[in-house]
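Residues per chain are reported as follows:
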Amino acid sequence: MENADVLVVGGGPAGAACAAAVRRARPDADVLVLDRAGFPRDKVCGDGIAPEALDVLAGLGFDVPALTAGYPAVARLRLTGPGGTTVERDTARPSVVVPRAVLDGRLLAQVLATGVRFTRHTVRQVTAHPGHVEVDGRFRAPVLVGADGAESAVRRSLGVPPSRPDRLAVAIRGYAPVPPGLAGLQVVTTTGQRWPAYAWSFPLGDGRANVGYGELVSGGVTRAGLVDGLHRLLPGVEPAGLRAHRLPLSTGRPRVPDGRVLLAGDARSLVNPLTGEGIFYAVLSGALAGRAALHGAAAGRVHRRLLGRRLERHLRSAAVASQLSRWPALMDGVVRAAADDQRVFDDVVRLGLSDGTLGARTLVATALRLR
């Protein structure tokens, strides 16, 4: 049996942030990260990183310029509503688009350089005992953090049910030459067909863009339907390496039992229901899990309290906005309001990419622009 002070299952952004937070709080802590994959490895994602996510990583001691080296910031965003209404503006702070095959490897390398350990292992069973947690009879620690993504083995071991189809999205993603006229521009195009659904094009800065399309599972989506949606909204784009992935939305967050086993990121259904963004949620919930992990048997309760303090107002706003967005006319009203007012645009971006809330200014401006 191999022992550690904290076991982290999953070496992606949530797991790396968790490990860094543990070591930051207690530099002598023995943290062991388990992952079935070797790094660097690809991860299906839109690759966009909000500035607020980089803020969290900087606060944990990561060298952010090294994480994003070679991938220029992208300040401009074009949003198209389902009725064709469009707004294009500079965001208050630029985002960065870094392939997960690069980002995750850099994150893990930096955290391993601080003394965190890594073992390649496919987790099958997590067993919580009164004083410790065991993994597959091989690894043991007082606390374990499941940061192992949408198909989390840790979540299954806790008996937490999967997300309902109407609280689960699926998206397909590939890489293609930047579409004509879209260099240096993030594009999100929603559609009234198979609503709610949207396509995106996020430029990497090397002549390529991460392009994809997603919609709710409850709509009966198929791979052929995803590919068709991508081509319909981004005509002329022929991406390579198309892969699909599931997105457990925050509107279906489970109640995780208090105790010595925590969940972070996608494993805890922390994916923005408006945009599918998950990296900000991952690094933030992972960082808070790292802080909570040092509380032993109380870790689960502490983590839930920290998440509530930091994200509850935002998550409530995102859930309400997600329900309102089911009416395409409302979405077009939001886009018109954002086109008329930079402050509304900034509020919408922050709600969809980090921890913004649904304020009176946006609601009133949208209501005045309904048609």
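This text follows the structure it describes.
This write-up is about the structure you can find in this document. (Residues numbered from 1 in each chain as written. Predicted model: local features only at pLDDT ≥ 70, side-chain atom pairs only at ≥ 80, totals over all residues. Heavy atoms only, no water.)

A word on the pattern of salt bridges
Part 1 of the argument: The full count for this structure, using the stated rule, is 26 salt bridges.
Part 2 of the argument: In this structure, Glu88 and Arg76 form a salt bridge, with 2.9 Å as the shortest nitrogen-oxygen distance. A residue pair is termed long-range when its members are at least 10 positions apart, and Glu88 in strand S6 (residues 86-97) and Arg76 in strand S5 (residues 73-80) qualify at twelve residues.
Part 3 of the argument: Here Glu312 and Arg253 are joined by a salt bridge, their closest N and O atoms 3.8 Å apart. Note that Glu312 is positioned in helix H8 (residues 299-324) and Arg253 in the loop between strand S16 (240-248) and strand S17 (261-263), a separation of 59 residues in sequence.
Part 4 of the argument: In this structure Glu312 comes out as partly exposed when scored by relative accessible area, which is 27%.
Part 5 of the argument: For Arg253, a relative accessible area of 34% puts it in the partly exposed group. (Salt bridge = Lys/Arg side-chain N within 4 Å of Asp/Glu carboxyl O. Helix = DSSP H or I, 4+ residues; strand = E, 2+ residues; numbered from the N terminus. Buried < 20%, exposed > 50% of the residue type's maximum accessible area, 1.4 Å probe, protein only.)

Digging into the nonpolar core
The tendency in soluble globular proteins is for nonpolar side chains to be buried side by side.
Part 1 of the argument: Leu57, Leu60 and Phe62 are the most contacted members of the largest nonpolar core, which totals 78 residues.
Part 2 of the argument: When residues of this core are assigned to their parent elements, the largest contribution, ten residues, is made by helix H7 (residues 279-292).
Part 3 of the argument: In this structure Phe62 touches Ala16, Ala17, Ala20, Leu57, Leu67, Leu107, Gln110 and Val111, once residues within four positions along its chain are discounted.
Part 4 of the argument: The next biggest cluster of nonpolar side chains, apart from the first, holds 18 residues, and it includes Leu34, Val123, Ala141 and Val154. (Core = buried A, V, L, I, M, F, W, Y, C linked by side-chain atoms within 4.5 Å. Contact = heavy atoms within 4.5 Å.)

Some details on the packing of aromatic side chains
Centre distance and the angle of the planes are the two values used to describe a pair of aromatic rings.
Part 1 of the argument: Summed over the entire model, instances satisfying the criterion amount to four aromatic pairs.
Part 2 of the argument: Here the aromatic rings of Phe39 and Phe118 are separated by 5.9 Å at their centres, their planes lie at 90°, and the arrangement is edge-to-face. Taken together, the residues span a long stretch of sequence, with Phe39 in the loop between strand S3 (31-35) and strand S4 (48-49) and Phe118 in strand S7 (residues 117-120) at a distance of 79 residues.
Part 3 of the argument: The aromatic ring of Tyr175 is capped on one face by Arg208, whose charged end is 5.3 Å from the ring centroid. (Phe/Tyr/Trp six-rings, centres within 6.5 Å; stacked < 30°, edge-to-face > 60°. Lys NZ or Arg CZ within 6 Å of the ring centre and 35° of its normal.)

What about the pairing of strand S13 (residues 185-191)?
Part 1 of the argument: Across the seven residues that make up S13, a large majority, seven, are buried.
Part 2 of the argument: Neither face of S13 is left uncovered, since the one carrying Leu185, Val187, Thr189 and Thr191 and the one carrying Gln186, Val188 and Thr190 both have all their residues buried.
Part 3 of the argument: Here S5 runs beside S13; their pairing, made up of five bridges, is parallel. Among the inter-strand pairings, Leu77 is bridged to a residue of S13, identified as Gln186.
Part 4 of the argument: Hairpin geometry of S13 and strand S14 (residues 197-203) is characterised by an intervening segment of five residues between the two adjacent antiparallel strands and by a positive phi of about 60° at Arg194. (Pairing = 2+ DSSP bridges.)

Side note on the sheet that holds S17
Part 1 of the argument: With respect to topology, five strands assemble into an open sheet ordered S7-S3-S2-S11-S17, the strand pairing being parallel. Two strands in the sheet have a free side with no partner beyond their single neighbour: S7 and S17. Strand-to-strand twist in this sheet, taken as the mean axis angle between neighbours without regard to direction, amounts to 20°.
Part 2 of the argument: Note that strand S2 (residues 6-9) and S3 share four bridges and pair parallel. Looking at the pairing, Val9 lines up with Leu34 of S3. (Axes fitted to C-alpha atoms, helices over the stretch in contact; angles between N-to-C directions.)

A closer look at a nonpolar patch on the surface
Part 1 of the argument: Taken together, the side chains of Val320, Leu324 and Leu363 make up a nonpolar region of the molecular surface, amounting to roughly 230 Å² of accessible area.
Part 2 of the argument: Following the sequence through the fold, Leu363 ends up in helix H11 (residues 360-367). (Patch = residues over 30% accessible without salt bridge, like charges linked within 9 Å, V, L, I, M, F, W, Y side chains within 5 Å. Areas by Shrake-Rupley, 256 points an atom, 1.4 Å probe, with all protein chains shown as cover.)

Details of helix H2 (residues 51-59)
Every α-helix carries 3.6 residues per turn, so stepping three or four residues along brings you back to the same face.
Part 1 of the argument: Those residues of H2 lying buried are Pro51, Glu52, Ala53, Leu54, Val56 and Leu57.
Part 2 of the argument: In this structure, the buried residues of H2 make contact with S4, helix H3 (64-68), S6, helix H4 (100-112), H7 and helix H10 (342-353).
Part 3 of the argument: Positive phi shows up at Gly61, right after H2, with a value of about 95°.

Regarding empty space enclosed by the protein
Taking a probe equal in size to a water molecule and rolling it over the atoms shows the remaining empty space.
Part 1 of the argument: Considering all chains together, one arrives at two cavities of 30 Å³ or more under this definition.
Part 2 of the argument: Elements with a contribution of two residues or more to the lining of the largest cavity: H2, H4 and H7.
Part 3 of the argument: No other element matches H2, which puts three residues into the lining of the largest cavity.
Part 4 of the argument: If you add up the space inside the second largest cavity, you get close to 30 Å³.
Part 5 of the argument: What lines the second largest cavity is simply Val256, Pro257, Asp258, Val261, Leu262, Arg268, Gly300 and His303.
Part 6 of the argument: Every element with two or more residues in the lining of the second largest cavity is listed here: S17 and H8.
Part 7 of the argument: Split into classes, the residues belonging to the lining of the second largest cavity amount to four nonpolar, two polar and two charged. (1 Å grid on protein atoms, 1.4 Å probe; cavity = no way out; pocket = protein on both sides within 12 Å on 5 of 7 lines; lining within 4 Å. Points joined across faces, edges and corners; volume = space filled by probe spheres on them. Nonpolar A, V, L, I, M, F, W, Y, C, P; charged D, E, K, R; others polar.)

Comments concerning the packing of helix H1 (residues 13-25) against H4
Helices that pack against each other are described as a pair by the angle of their axes relative to one another and the distance between those axes.
Part 1 of the argument: Two numbers describe how H1 lies on H4: the axes approach to 9 Å, and their chain directions differ by 15°. Between H1 and H4, the interaxial angle falls into the category roughly parallel. Here the hand of the crossing between H1 and H4 comes out left-handed. Contact residues: Pro13, Ala16, Ala19 and Ala20 in H1; Arg100, Asp104, Leu107 and Val111 in H4.
Part 2 of the argument: Split into classes, the residues belonging to the contact of H1 with H4 amount to six nonpolar, no polar and two charged. (Parallel < 35°, antiparallel > 145°, perpendicular 65-115°, else oblique. Left-handed = near helix turned anticlockwise from the far one by under 90°.)

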